[in-house]
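# Notes for the structure review
Letter by letter, the chains look like this.
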Amino acid sequence: TDLALYLLSRKDAPRGQILRLPLVESDHAQTSVAKLDLAQAKVVVPQTSGGADESDRASIENFSPTFGHLYVIDVVGGPSRVRVFDTQGKALPAPTLPAISSVGQVVPVGGGDVLFFTATYLEPAAWYRFDAATGKAVRTALFQTSPIHFDDAEVVRAFATSKDGTRIPINIIRLKGAKLDGSNPTLLSGYGGYGISTKPGFAGSFARVWLDQGGILVRSSLRGGAEYGEEWHAAGNLTHKQNVFDDFIACAQYLIDEKYTSPSHLAILGGSNGGLLMGAAFTQRPDLFRAVVSSVGIYDMLRVELDPNGAFNVTEYGTVKDPEQFKALYAYSPYHHVKEGTAYPAILMPTGENDHRVNPMQSRKMIARLQAADSSGRPILLRTSSSAGHGIGTSLDEAIEQNADVLSFLFDQLGTPYTGPMTER
């Protein structure tokens, strides 16, 4: 019997490769045992070439072997791609995915066919069935529905150029026919850390409210994530963390240069590691943004490892015990770069009284420092919830209240009068 084990390996392949390891059976005391000899493993799907084209830098996230087929799920700068091979690595017809979509799971259903779970920014997630014999994918009856629709919207994929020349992917969600005159209220979000990729997912009610007021939403895929594999992650952590902030600032500058918005109409949003990103962005470029929403963030990078959960962050940010890492931490630590008399953007920092992942002290301390140093006179607000933590598992009523506060804050600061849903106009 031609038995084989398929493995995803990142050894000397930071964007991933698939290995095929033949299994040799032997009988010991009438018990069938498969012998494993990793030296016999062969590469059947090599890692991508790493060339200039975006698809050349795709990273293998997952794979699923089926009868006669091998399905490989890639992340390509954020969106997903599915490739299909035979058991020896020969390319076969692959399913066509919805534009700018993500694949969360692939499930074999027999005969080489699979179900795959996919989502886009504008459509709720659905299961598709791929027929290996015909090479066609069809949406099944297993799909999510929503009272919210985005038929009047579109997603534009673009690239900003960071300080060192690196191209940074951004996905721009806007109403069709949006005018590029620099006046659109625009909300730019980012994360850039822990090898977590920013992937397409249904935008939901928050986005619908924002678009209804003529706003534009932008999702950035910064270094520190894994949108192009482990190299992309490593280029944005430890002593390279400043790259993440440079990437984000470049995305903001792109939106201004392309006349999507202007500094007086630009807001930014992030949480947790994304809160650190917000803090670094507005302390390094306070002139670039009008409003900031920074949730459950980290701001004092010299003390964060002293918190109960602090050791968890050392592998991503570094430690003050290492001289070079201390220099890097201090160089961007938002708390240590608040300057007296600076005109800062309007700032809202939501935090949870019961946050055990990031100490709420971080937000309290940063807000106090900003209130003392600011010269703009704009609101610098702390929002503390006694019934929430880091955000995971937050109750529906609490989430609605926080979204209402965030939207009210942003509309007020960007000078966007709330006019109700588009259907009421």
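Owing to the predicted nature of the structure, the values given are computational and were not obtained by experimental measurement.

## Some details on the overall build of the protein chain
A count of helices and strands for the protein chain gives eight helices and 21 strands. Relative to the 2.2 N^0.38 estimate, which gives 22 Å for 425 residues, the radius of gyration of the protein chain is 24 Å and therefore close to what a compact globule would have. Viewed in the frame of its principal axes, the protein chain has a C-alpha envelope of about 80 × 60 × 45 Å. Out of the 425 residues belonging to the protein chain, those deemed buried represent 52%. Sequence separation of at least 24 residues holds for 62% of the intrachain contacts in the protein chain that already meet a minimum separation of 6. With an accessible surface of roughly 19100 Å², the protein chain has 53% of that area assigned to carbon and sulfur atoms. Side-chain charges in the protein chain split into 38 positive and 44 negative, and the spacing between the mean points of these groups amounts to 3 Å.

## Looking at the sheet that holds strand E9 (residues 91-92)
Spatial ordering of the open sheet is given by E6-E7-E8-E9, a layout of four strands whose pairing is antiparallel. Each edge of the open sheet carries a strand with a single partner, namely strand E6 (59-66) and E9. Note that strand E7 (residues 69-75) and strand E8 (residues 80-85) share six bridges and pair antiparallel. Looking at E8, one finds that Val72 is bridged to Arg83.

## Side note on the sheet that holds strand E21 (residues 380-385)
The strand order across the open sheet formed by eight strands is E14-E15-E17-E16-E18-E19-E20-E21, and the pairing between neighbours is mixed. Strands at the two margins of the open sheet, each flanked by one partner only, are strand E14 (153-161) and E21. The sheet shows a mean angle of 20° between the axes of neighbouring strands, direction not considered. Strands in contact with helix H8 (residues 396-413) are strand E16 (186-189), strand E18 (266-271), strand E19 (291-295), strand E20 (346-352) and E21; relative to E19, the strand with the most contacts, it is inclined by about 160°.

## Some points on helix H7 (residues 361-373)
For H7, which comprises 13 residues, the first-to-last C-alpha distance of 18 Å matches the rise-based estimate of 18 Å (1.5 Å per residue) to within 8%. Here H7 has its buried residues at Gln362, Ser363, Met366, Ile367, Leu370 and Ala373. Mapping the buried residues of H7 onto a view down its axis gives an arc of 135°, with all of them on the same face. Tucked into the core, H7 has its buried residues touching helix H4 (273-284), E20 and E21.

## Observations concerning the pairing of E20
Burial of E20 is extensive: seven of the seven residues sit out of reach of the surface. Of the two faces of E20, the one carrying Ala346, Leu348, Pro350 and Gly352 and the one carrying Ile347, Met349 and Thr351 are both buried. Pairing of E19 with E20, which is carried by three bridges, proceeds in the parallel orientation. Within E20, the residue paired with Ala291 across the bridge is Ala346.

What counts, and at which threshold
Residues numbered from 1 in each chain as written. Predicted model: local features only at pLDDT ≥ 70, side-chain atom pairs only at ≥ 80, totals over all residues. Heavy atoms only, no water. Helix = DSSP H or I, 4+ residues; strand = E, 2+ residues; numbered from the N terminus. Rg over C-alpha atoms; globule rule 2.2 N^0.38 Å. Buried < 20%, exposed > 50% of the residue type's maximum accessible area, 1.4 Å probe, protein only. Contact = heavy atoms within 4.5 Å. Areas by Shrake-Rupley, 256 points an atom, 1.4 Å probe, with all protein chains shown as cover. Lys, Arg positive; Asp, Glu negative; His and termini not counted. Charge placed at Lys NZ, Arg CZ, Asp CG, Glu CD. Pairing = 2+ DSSP bridges. Axes fitted to C-alpha atoms, helices over the stretch in contact; angles between N-to-C directions. Expected span 1.5 Å × (residues − 1). Arc of directions from axis to C-beta.

Interpretation in functional terms is not warranted from these geometric data alone.
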